[in-house]
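Structural features, examined
This is what each chain is made of:
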Amino acid sequence: MTLTPDLRSPQPADTPISSDLLPSVLEELHTQHQSLRSGKIADYIPELAKANPDWFSICVTTVDGQQFAVGDAEQRFTIQSISKVFVYGLALEDHGRDRVLAKVGVEPTGDAFNAIVLDEQSKRPYNPMVNAGAIATTSLIKGHGATDRLNRMLAMFERYVGHEPYLDMPTFMSERTTGHRNRAMAHLMLNFGMIDEKIDEALDLYFQQCSLLVDCRDLSVMAATLANRGVNPLTNVQAVSACYVRDILSVMYTCGMYNFAGEWAYKVGLPAKSGVSGGIIVVVPDRMGIAVFSPLLDARGNSWRGVKVCEELSQRFGLHLFECAPPDSRCNHSD
Ligand code: GLN
């Protein structure tokens, strides 16, 4: 007898997330964490420092197109480092896995997201989820000149969000005038032949991607698109080729939460990415995309409320990718 397991089907959903239960759990988590004021707003540029510490939203988009949202779901903010995920996908589409891997590694760093550090031996930036790696992947984006490259990047973001994308110009200008660390990294990588000499073009494109305006609902759709094998579940548009989704999710899993990635993988157990404006996206493959937005950050630059909410959601619904215990015999994390 030949066994032909359906390799495409997700883990059995032994804690079904019913559309009845989810809204009340989201409300409950929102109320529970709203009053907590731990953390600090990013203030390295004035546009981020203006954020309201009370802003807080949790949104879920399922792969069959249902949406659940609580809190400030329509409050717009700049995507910041969450953009790195999607630009990595575009670089893979432009060049293929091997060429991208030759320029950007896939190893977690244990260093801060803006560390000026390259792999000692290969001279590659460690991974595409930290600034150095993201600048390298951005430098790979194809196009005939700066405008064409920007338009290709915006078209890619449009496929994920399902509407016309806008950049926040004041944020872009501030990032551009103050981004000396990022410039230093770009020069270091040019020195080692990891990026080409069009440094200013690549840096502008990097600062532009960080300045994309999104709201929490958009982020949940972007995450759901990755959960749905690259197809936006609201528009049915293929945002990224399905063959690269596994690469994107792998680096999100191991490197997406900066130097907290290991603990995140252990506790939450899902591919994710955070940004300094306070967003976190989480992908539950074949099921849904989760987004949390709250600008108060912990010491590593991850949204403080966001991390707590995701830990709870994963625990309550048994979302950890390696969870195999039945619901009634699961061990709880006690912090
Ligand atoms: N614009 C920020 C930077 O380049 C993005 C960092 C982040 O969100 N972690 O430093």
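Calculation rules
- Residues numbered from 1 in each chain as written.
- Predicted model: local features only at pLDDT ≥ 70, side-chain atom pairs only at ≥ 80, totals over all residues.
- Heavy atoms only, no water.
- Near = heavy atom within 4 Å.
- Polar contact = N/O pair within 3.5 Å; in protein donor to acceptor, adjacent residues only side chain to side chain.
- Areas by Shrake-Rupley, 256 points an atom, 1.4 Å probe, with all protein chains shown as cover.
- 1 Å grid on protein atoms, 1.4 Å probe; cavity = no way out; pocket = protein on both sides within 12 Å on 5 of 7 lines; lining within 4 Å.
- Sits in = over half its atoms within 2 Å of the grid points.
- Nonpolar A, V, L, I, M, F, W, Y, C, P; charged D, E, K, R; others polar.
- Helix = DSSP H or I, 4+ residues; strand = E, 2+ residues; numbered from the N terminus.
- Contact = heavy atoms within 4.5 Å.
- Core = buried A, V, L, I, M, F, W, Y, C linked by side-chain atoms within 4.5 Å.
- Buried < 20%, exposed > 50% of the residue type's maximum accessible area, 1.4 Å probe, protein only.
- Disulfide = S-S within 2.5 Å.
- Phe/Tyr/Trp six-rings, centres within 6.5 Å; stacked < 30°, edge-to-face > 60°.
- Lys NZ or Arg CZ within 6 Å of the ring centre and 35° of its normal.
- Pairing = 2+ DSSP bridges.
- Points joined across faces, edges and corners; volume = space filled by probe spheres on them.

**Looking at the site of the ligand**
The immediate surroundings of the ligand are formed by Y44, Q80, S81, F113, N131, E175, N182, Y206, C210, Y258, G275 and V276. Between the ligand and the protein, one listed contact pairs a nitrogen atom with a side-chain N or O atom of E175 at 3.0 Å. Calculation on the ligand without its partners gives an accessible area of 300 Å², and the protein chains cover 96% of this total. With respect to the detected pockets, the ligand is housed in the second largest pocket. Its residues placed into classes, the shell around the ligand shows six nonpolar, five polar and one charged.

**Let's talk about the environment of L26**
With respect to the helices and strands, L26 occurs in helix α1 (residues 21-34). Placed 264 residues apart in sequence, L26 and I290 show a C-alpha to C-alpha distance of 11 Å. In this view, L26 contacts I58, V60, F68, V70 and L313; residues no more than four positions away in its chain are not counted.

**With respect to the nonpolar core**
Of all hydrophobic cores here, the largest spans 46 residues; its most connected members are F86, L219, M222, L226 and M252. For this core, the secondary structure elements donating two or more residues are α3 (83-95), α6 (145-161), α10 (216-227), α11 (245-255), β6 (279-284) and β7 (288-293). For M252, the contacting residues outside a window of four places in its chain are V85, M129, L226, P271, A272, K273, I281 and V283. Among the nonpolar cores identified, the runner-up in size contains 27 residues, and L26, F68, V292 and L313 belong to it.

**Re the state of the cysteines**
All told, the structure shown has zero disulfides when counted by the stated rule. Free cysteine: C310, not disulfide-bonded; nearest cysteine sulfur from C216 at 9.7 Å. We classify C310 as buried; its relative accessible area is 4%.

**Quick look at the packing of aromatic side chains**
Within this structure, the stated rule accounts for seven aromatic pairs. Arranged with centres 6.4 Å apart and planes meeting at 65 degrees, the rings of F86 and F157 form a pair that is edge-to-face. Taken as a pair, F86 in helix α3 and F157 in helix α6 lie far apart in primary sequence, 71 residues in all. Relative to Y258, the ring of F113 lies with its centre 4.9 Å away and its plane at 40 degrees, an arrangement referred to as tilted. Taken together, the positions of F113 in the loop between α4 (97-103) and α5 (131-139) and Y258 in the loop between α11 and α12 (261-267) put the pair 145 residues apart, joining distant regions of the chain. The same class applies to F113 and to Y258, which are both buried. Taken together, the ring pairs in this structure connect W55, F77 and F293 into an aromatic cluster. Above the face of the F56 ring, R305 is positioned so that its terminal group lies 5.1 Å from the ring centre.

**Here's the deal with the pairing of strand β2 (residues 67-71)**
For a regular strand, side chains alternate in direction, first toward one face of the sheet and then toward the other. As paired strands, strand β1 (residues 57-62) and β2 are joined by five bridges and run antiparallel to one another. Considered in β2, the bridge of V60 is made with F68. Linking β1 to β2, which pair antiparallel, is a turn of four residues; within it G65 sits at a positive phi near 85 degrees.

**With respect to the side chain of H320**
Its place among the elements puts H320 in the segment after α13 (304-317). Within the local environment of H320, its side chain forms a polar contact with the backbone oxygen of Y266, the two atoms lying 3.1 Å apart. Apart from the residues within four sequence positions on either side, H320 is in contact with Y253, A265, Y266, K267, V268, G269 and S314.

**Describing the layout of surface pockets**
The space that makes up the second largest pocket amounts to roughly 470 Å³. Contributions of two or more residues to the lining of the second largest pocket are made by α7 (169-178), α8 (180-191) and α9 (199-210). Classifying every residue of the lining of the second largest pocket gives 11 nonpolar, 10 polar and seven charged.

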